[in-house]
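Commentary on secondary and tertiary structure
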Amino acid sequence: MRMKKYQAVIIASVVWGCSSDPQTPVIGDRPDAGVDMPADNNTSDMTVTPDMTTEPDLPVDMVSEDMPSDMGPAIRTLVNYRSCELDSDCPVGLGTCVLEIPLNRPDADGRDRVPLNEIFPELAQGQGVCSSVCTVNTESCSELSVNGNTPDPQPYVCQVIFEGQSPYPNPAPALPFDGELSPSELTAGVPFGAICRPPFQLSPDVDDGFCAPCVGGEACAGSAVCWDALTGEAAADGEAGTCLGACEGECPSGFECADIAGGSYCRPIVDTCTACLDRDGDGRGTGRCGGAAQPVTPVDCNDLNADVYYDAVNPGHAFPEFCAPENDYNCNGLSDAEEQIASTLWGDDHCTACGDTCSGDVLNGSLSCVQGVCTAICEMTHASCDGDARNGCEQPVDDTSRIYYRDSDGDGFGDPNVPQFACDPALPPAGFVDNDDDCDDTSDQARPGGTEVCDGLDNDCDGDFDEGITFNSNGTNDCNAAAQGICANGTAQCDGVAGWTCLAADPEVEMCNGLDDNCDGQVDLTNGVPPVGAPIWYPDCDNDGYGVQPGALSRCFEPQTAPTACPNGSWSTVNTDCNDSDPSINPGRMEDCSTAADDNCLANDPPNTWTNAKSYYFDRDGDGYSPTPNSRTPYCTIIPNNWSEALFNQSDCDDNNASVNPSATETCNTPYDDDCDGQVHDAATGKVRRYRDVDGDGYGPNTSGFDFCFSSMTTNEQNTYPTSNGGDCNDSTTQRQVASNGHLYTGVDQAPNKIEVCEGLDNNCDGVIDDGCPVDFNVRNARSANDVKGSGSGWQLFECPGNKVMSGIRVRGKIPAGFCGGETGVFGVHAICTDPNISVNTNNNPFTYTTVNSSSEEGSILGFAPGPDGGCGWNTITDNTLNCSGDSSMRGFIGRSGARIDRIGPVCVQRTLTTSVTPATLNLSSESNGSQAPSGWNGGGDFRTTCANNEVVKGFWGAFQNNRLTAVDLRCIDMSLINR
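No experiment lies behind these values; they were computed from the predicted model shown.

Definitions and limits used
- Residues numbered from 1 in each chain as written.
- Predicted model: local features only at pLDDT ≥ 70, side-chain atom pairs only at ≥ 80, totals over all residues.
- Heavy atoms only, no water.
- Helix = DSSP H or I, 4+ residues; strand = E, 2+ residues; numbered from the N terminus.
- Contact = heavy atoms within 4.5 Å.
- Areas by Shrake-Rupley, 256 points an atom, 1.4 Å probe, with all protein chains shown as cover.
- Phe/Tyr/Trp six-rings, centres within 6.5 Å; stacked < 30°, edge-to-face > 60°.
- Lys NZ or Arg CZ within 6 Å of the ring centre and 35° of its normal.
- Pairing = 2+ DSSP bridges.
- Disulfide = S-S within 2.5 Å.
- Buried < 20%, exposed > 50% of the residue type's maximum accessible area, 1.4 Å probe, protein only.
- Core = buried A, V, L, I, M, F, W, Y, C linked by side-chain atoms within 4.5 Å.
- Domains from an automatic or database assignment.
- pLDDT = per-residue confidence, 0-100.
- Polar contact = N/O pair within 3.5 Å; in protein donor to acceptor, adjacent residues only side chain to side chain.

Focus: the overall build of the protein
In terms of helices and strands, the protein carries four helices and 54 strands. By sequence separation, contacts in the protein at least 24 residues apart represent 54% of the contacts at least 6 residues apart. Here the protein displays about 47,800 Å² of accessible surface, and carbon together with sulfur accounts for 48% of that area.

Spelled out as structure tokens, the structure:
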């Protein structure tokens, strides 16, 4: 490794292939540099040189303390591309991770992009380099910088690194092969791909002149050589070239080590360090070699010869300068010789062979290649008769007897414009005659003495065409045109070469004349419609000379068929019949009021024309009443507007309003006197009853009601009768007291919209005081719970009578003095029945209600009632009274049982009355277990059986075996409240 002069090179950590960062490998194991690199990226592959300001995040240990003070701040450089797999592997300024190179157009194999590892073989599969693609846009390179956001001293350069297959075959087959070429493909040029190359020359390990232009004979910087892409060798003195650096270790990607001038140098893989590969310097090649208008040039099929290229606009750019059978200088697949020899454009330069020139002046004329023969073009006064065109035109042509004229049409008359001198008088030229009288040598129908016909020719050569001729032998031009109607009367016209044309007559407006005037094939019709102004024919079914509109037809003449509506009818041009089934009714009749018909079809004809007329009265609004009933005018059956036959001899008080007349009904809905009795709203319908409301609760007493037309009420009436709601049972503002409980109240406490409260008043004015307040209980729907505890037979039933329910039990049981064979148990159950009542507390305001019990013993179910048994030491039989407290009722039994029931007690439930609003409701809540008897024995297991949540015990079943209670079953009832 060498150092540039006056530069101190500081290598961080490792330089050649020793980077410790496995995530950012260096292509070819050489160091590369990054900018604004993440903290976890190793910077050992960066080189710093004192050419630019160091970035703020440059590690301190990368700047040499021994660096001379006049060398300036350090910069970062690269000796090769930085490899990558992801965009995140590329530091700021180095672009993105390029994994493939897009082509400017698809290659011959159809690919439009190439994986970068196929171009840079040192890359592994899936690897790329940090850069930017510039195939289409070279400006993308200007956005890159090895030094991140700081521009590099020298910019990135767009370089072609891939050259596709040319549309022009290489090697080329034998000429011609133009059928194998596509002009559009040749114009599109060679497919290519390019990438932005970093300024490797900034690195101290790369020659300053790396890829710089040079001139042969002048040394490149360092050990570089000036290389000529045209020859592939060192550039000759004075020839333009490119500086290539020596192969010291490895070449950067896109270059390969090659032998040049006895040494090894890094040669670009596509023979260019730029965006254009143009070896011969003709401005055409692979890449972006053209100007801004056409940066990609057409195919250069020989980039080693500046005169060879494809140009669709000027395909003869190399002609006639270059001509050889083996040449294809215009790259079109044709031999240049075949294109030029004897051709119209280049035959004078290459008449019979390449280089055979046939042009220039000769004696009395000039030379020109005519159909591959070098020919003397003589002046009018001379001819070439010696067979050697290059000697010129040696023979004068002043002997007119030896001048002949071409007769191309063989009619015996020559063309005066094509004379030819006969070098041998005995041998006149073939196809020539000795006169020049023909006026048209292209047709034997045009000649002197011919007969003029219609063919566009001057048949008689008198200078006029198709003159003095007619279509018919009688001297007329009448003809039968291919048209209809009057248009068939055509006129023949001579159209020259096309011959005679029969011109149809112009169509005219269709008229009722029995002709097809508009030439549409229909006589007196146009598209099936008669012409404008044609008479309208109306069906006249009663044949009275007057018709009707339905079924009318427009026809030039009366239809020959009867109307569809009446096969026996006829047609009329008058459509004013108002009854076409009665010939006595039509506009020609006199109106007769003795008939119900409109005899003359004139509803409003003057009355003085009527017979048997009546009288009618002026009635503008048509309500049957006249403001002047004594004024009469005759009428028949059709009453004119504003007149009627008056119903009564009464005057209409408003003849502009049909709703106002003596027979109308007075209503509240109008502001006027409907029935013309002189009073407004008297005995009117639609009145609204209004009530006084002294206490202001929105309701008034029914006795205070009065009917009004609400729309006409005065302010005082509205204030006095403010509500339309009646039914108030107390409209007083005076405070009163309920006699039974002292509750104070006024009229606002009583109205139909109030909720009944249990306070001794009729709050809702329905005539019932405290309706909905509780007065008694109702028990109903007795059922068995089917919930048996224990087992046994001999069932007995007890049920409390009437509306009574159980509130407790008295148990008859026996407790042993000691163990005596299990004789303890329940021998009988006595029911305590309750008559549930409601207690009213009148000291409260409003009243409060509670439930109370009125209990009594009703009956028992019993087994055997033994007396004392001294033999076994039994105690005497005991009775135990087990009551539910207060206003509770029984809901079930609890106890212990085995084969028999050893002890039993009540399950109690509290009755609660809710009277906040009416009607009152009853709730059963606060369930509790009562005491059990007999006590002192704990055999068997606990049991508990109850009625449903809304039920209490009405009675029970009991089963006894050996006089002992062995099973019980509840008799349940639903308990509800009776309200007023």
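Points about the packing of aromatic side chains
Applying the stated criterion across every chain, the model contains twelve aromatic pairs. Cation over ring: arginine 284 sits above tyrosine 309, and NZ or CZ is 3.6 Å from the ring centre. Over the face of the ring belonging to phenylalanine 777 we find arginine 911, whose NZ or CZ atom lies 5.7 Å from the ring centre.

Some thoughts on the sheet that holds strand β8 (residues 128-131)
Taken in spatial order, the three strands of this open sheet run β4-β8-β5, and their pairing is antiparallel. Because the sheet does not close on itself, it has two edges, and the strands there are β4 (83-84) and β5 (96-98). As defined by bridge partners, β4 adjoins β8 across two bridges and the pair is classed as antiparallel. Within β8, the position partnered with serine 83 by the bridge is valine 129.

Concerning the state of the cysteines
What we call a disulfide is simply a covalent bond connecting the sulfur atoms of a pair of cysteines. For the coordinates displayed, the defined rule picks out 30 disulfides. Shown here is the disulfide that connects cysteine 220 with cysteine 243, its sulfur atoms set 2.1 Å apart. Sign of the S-S torsion, about -85 degrees for the bond between cysteine 220 and cysteine 243, identifies this disulfide as left-handed. Highlighted residues: cysteine 220 in the loop between β11 (213-215) and β12 (225-228) and cysteine 243 in strand β14 (residues 240-244), separated in sequence by 23 residues. Take cysteine 220: its relative accessible area is 10%, and that puts it in the buried class. We classify cysteine 243 as buried; its relative accessible area is 5%.

Description of the nonpolar core
Counting residues in hydrophobic clusters, the biggest one holds 43 residues, and the most contacted among them are Leu116, Ile119, Phe120 and Tyr156. Within the residue set of this core, elements represented by two or more residues are β5, α1 (116-119), β8, β9 (157-163) and β10 (192-197). Looking at which domains feed residues into this core, each of domain 1 (77-167 + 183-205) and domain 2 (212-297) supplies at least three. Residues in contact with leucine 116, not counting those within four places in the same chain, are Val98, Leu99, Glu100, Ile101, Leu123, Gly128, Val129 and Ile161. Membership of the second largest hydrophobic core comes to 27 residues, among which are Phe798, Val811, Ile901 and Cys947.

Topic: the sheet that holds strand β30 (residues 536-540)
The strand order across the open sheet built from three strands is β31-β30-β32, with neighbouring strands paired in antiparallel fashion. Strand pairing shows two members of the sheet lacking a second neighbour, β31 (553-554) and β32 (570-572), which therefore form its edges. As judged from the three bridges shared by β30 and β32, these two strands associate in the antiparallel manner. In the strand pairing of β32, proline 539 is matched with tryptophan 571.

A look at the pairing of strand β15 (residues 255-260)
Pairing geometry for β15 and strand β16 (residues 263-268), over six bridges, is antiparallel. Bridge pairing links alanine 258 to tyrosine 265 in β16. Between β15 and the antiparallel strand that follows it, β16, lie two residues; alanine 261 among them carries a positive phi value of about 55 degrees.

A few points about unusual backbone geometry
Note the cis peptide between asparagine 170 and proline 171, where omega equals 5 degrees. With respect to the helices and strands, proline 171 occurs in the loop between β9 and α2 (183-188). Between phenylalanine 319 and proline 320 the backbone carries a cis peptide bond, its omega angle lying at -5 degrees. Summarising the element assignment, proline 320 is placed in the loop between β18 (286-287) and α3 (336-340). Unusually for a residue other than glycine, alanine 342 sits at a positive phi of about 65 degrees. Position of alanine 342 relative to the elements: it lies in the loop between α3 and β19 (361-362). Among the residues examined, alanine 342 registers a relative accessible area of 34% and is labelled partly exposed. Although it is not a glycine, cysteine 676 sits at a positive phi angle of roughly 55 degrees. Mapping cysteine 676 onto the fold places it in the loop between β35 (643-644) and β36 (688-690).

Re the confidence of the model for the protein
Scored by pLDDT, the protein comes out at a mean of 82, with 86% of its residues at no less than 70. Predicted confidence is poor over residues 1-71, with pLDDT under 50, and the contacts of this stretch with residues over four places away or in other chains come to 182 contacts. Confidence over residues 864-875 falls short of pLDDT 50; this stretch has 27 contacts with residues more than four positions distant or in other chains.

Here we look at the environment of asparagine 656
Looking at the secondary structure, you find asparagine 656 in the loop between β35 and β36. In this structure the C-alpha to C-alpha distance between asparagine 656 and aspartate 623, which are 33 residues apart in sequence, comes to 9.6 Å. Discounting chain neighbours no more than four positions away, the residues touching asparagine 656 are Arg620 and Asp621. Only 3.4 Å separates the side chain of asparagine 656 from the side chain of arginine 620, close enough to count as a polar contact.

Side note on the environment of leucine 103
Of note, leucine 103 is situated in the loop between β6 (100-102) and β7 (113-115). The exposure class assigned to leucine 103 is buried, which follows from its relative accessible area of 9%. Residues leucine 103 and valine 114, eleven residues apart in the sequence, show an inter-C-alpha distance of 7.6 Å. Not counting residues up to four positions away in its chain, the partners in contact with leucine 103 are Arg111, Asp112, Arg113, Val114, Thr135, Phe162, Phe192 and Gly193.

Description of the environment of asparagine 641
For asparagine 641, the position within the fold is in the loop between β34 (632-635) and β35. Residues asparagine 641 and asparagine 604, 37 residues apart in the sequence, show an inter-C-alpha distance of 9.3 Å.

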